[in-house]
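# Inside the fold
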Amino acid sequence: MSIEALCCASPSLALIKYWGKKSGRRNLPATASLAVTLGGLYTRTRVILDRQDSVTLDGVVQDPARFKQFFDRLRQKAGRSLHFRVESKNDFPTSAGLASSSSGFAALAVGCTRAAGLELDSRELSGLARLGSASAARSLFGGFTLLQAGAREARQLYGSNHWPELRIAIVLVSREVKPISSRRAMEATRTTSPYYRAWLRSASGLLEPAVEALRLRDLNVLGSLARLSYARMHAALLASDPPLLYWLPATVAVIRECGLLREQGIGAWETLDAGPQVKILCLEPDLPRIRERITALDPELKILVASPGEGANCRVRG
Ligand code: PMV
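Now for a quick tour of the structure. In this text, all values refer to a predicted model and were calculated from it rather than measured experimentally.

### Describing the packing of aromatic side chains
With the rule as written, the count across this model stands at 7 aromatic pairs. Relative to Phe-71, the ring of Phe-67 lies with its centre 6.1 Å away and its plane at 25 degrees, an arrangement referred to as stacked. Of this pair, Phe-67 and Phe-71 both sit in helix H1 (residues 65–78), 4 residues apart, roughly one helical turn. Assigned by exposure class, Phe-67 and Phe-71 land together as buried. When the centroid spacing of 6.4 Å and the interplanar angle of 50 degrees are considered together, the rings of Tyr-230 and Trp-247 count as tilted. Remark: Trp-247 occurs in the loop between helix H7 (219–238) and helix H8 (249–263) and Tyr-230 occurs in helix H7; sequence separation between them is 17 residues. Taking relative accessible area as the criterion, Tyr-230 reaches 4% and is therefore assigned buried. What makes Trp-247 partly exposed here is its relative accessible area of 25%. Linked through ring pairs, Phe-67, Phe-70, Phe-71, Phe-84 and Phe-105 together constitute an aromatic cluster.

In structure tokens:
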């Protein structure tokens, strides 16, 4: 009888960023990352076995090459020739710098495993998800996660209840698909940016104090380290040949507004990924004020609010 797996996962937002891959083809991250799983944003994925592999995302057929290594690994684990039909939907904008590949591959890992009748533990699932997207190794878990440089799988440091009042206000600056995927941009940074080595050297120094600030739930220390991490990552990107710039005028306006808010004693710590959206780390009581100030900047800016969420889950029918 054919099994239908219905899965759900939330994106993983890195506070300390991974950017760049170790050489070789196993998709191992060159820098360590520390992240929070964004509860409130979901990728929902349905997987069934089929005669050939196919993936649609929000109804759009995806390039099979992007999934081949991932499906091949599943076939290898299962020891038989399986094929997967995958239908996935995001309830937030796709490929716009909201880490949709992290939740996408995490949901795919749990879904395909269940559809294939395999029993994998969470470490193995995290390693499998990493083949699709390194940040997906983290999305497997809820709460706060760590993916070490060169590691095959992520691990959970704390569950979502470690810091219940933490909020992430996601300012949607643009709904356009980003001009260059993070995969290609990372490779361009590695091969053409003279700052790539400096990025690798400086990245390792941010991790330990950030893990400690997370343990202490110290938003000001964690937020300032998160700012250094994204700013250095984007500096390396900007120094690529040709230069890579994801920011839009509204991105810069929101970054500056966060600076003004902090000057006025409101903890609003922004971070950015490979896209123009700005994610603001803050505490729940400050959220109304932050929302008001961003809306005053531009009433068209939509704000999504996430809190530390749960890891990927799956149920089967049939
Ligand atoms: O996992 P990928 O290949 O989509 O790359 C994610 C890169 C960043 O989002 C910029 C940083 C991170 O650690 O998530």
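### Remarks on the nonpolar core
Ranked by internal contacts, the top residues of the largest apolar core, which has 52 residues, are Trp-19, Phe-70, Phe-71, Leu-74, Phe-84, Val-86 and Cys-112. In terms of residues, this core owes the most to one element, helix H2 (residues 100–115), which gives 8 residues. Excluding anything up to four places from it in sequence, Phe-70 contacts Phe-105, Leu-108, Ala-109, Cys-112, Leu-128, Ala-129 and Gly-132. The next biggest cluster of nonpolar side chains, apart from the first, holds 30 residues, and it includes Leu-41, Phe-92, Phe-144 and Leu-225.

### Remarks on the pattern of salt bridges
It is possible for side chains bearing opposite charge to pair when their charged atoms get close. Within this structure, the stated rule accounts for 17 salt bridges. When the shortest N-O distance is used, the salt bridge between Arg-293 and Glu-257 registers 2.8 Å. With Arg-293 in helix H9 (residues 287–297) and Glu-257 in helix H8, the pair connects residues that are 36 residues apart, well separated along the chain. For the pair formed by Arg-293 and Glu-257, the shared burial category is buried. Across the pair Arg-289 and Glu-292 runs a salt bridge whose closest N-O atoms are separated by 2.9 Å. Residue Arg-289 and its partner Glu-292 are both found in helix H9; the two are separated by 3 residues, about one turn of the helix.

Conventions we followed
- Residues numbered from 1 in each chain as written.
- Predicted model: local features only at pLDDT ≥ 70, side-chain atom pairs only at ≥ 80, totals over all residues.
- Heavy atoms only, no water.
- Phe/Tyr/Trp six-rings, centres within 6.5 Å; stacked < 30°, edge-to-face > 60°.
- Helix = DSSP H or I, 4+ residues; strand = E, 2+ residues; numbered from the N terminus.
- Buried < 20%, exposed > 50% of the residue type's maximum accessible area, 1.4 Å probe, protein only.
- Core = buried A, V, L, I, M, F, W, Y, C linked by side-chain atoms within 4.5 Å.
- Contact = heavy atoms within 4.5 Å.
- Salt bridge = Lys/Arg side-chain N within 4 Å of Asp/Glu carboxyl O.

Spatial relationships are all this shows, so hold off on functional conclusions.
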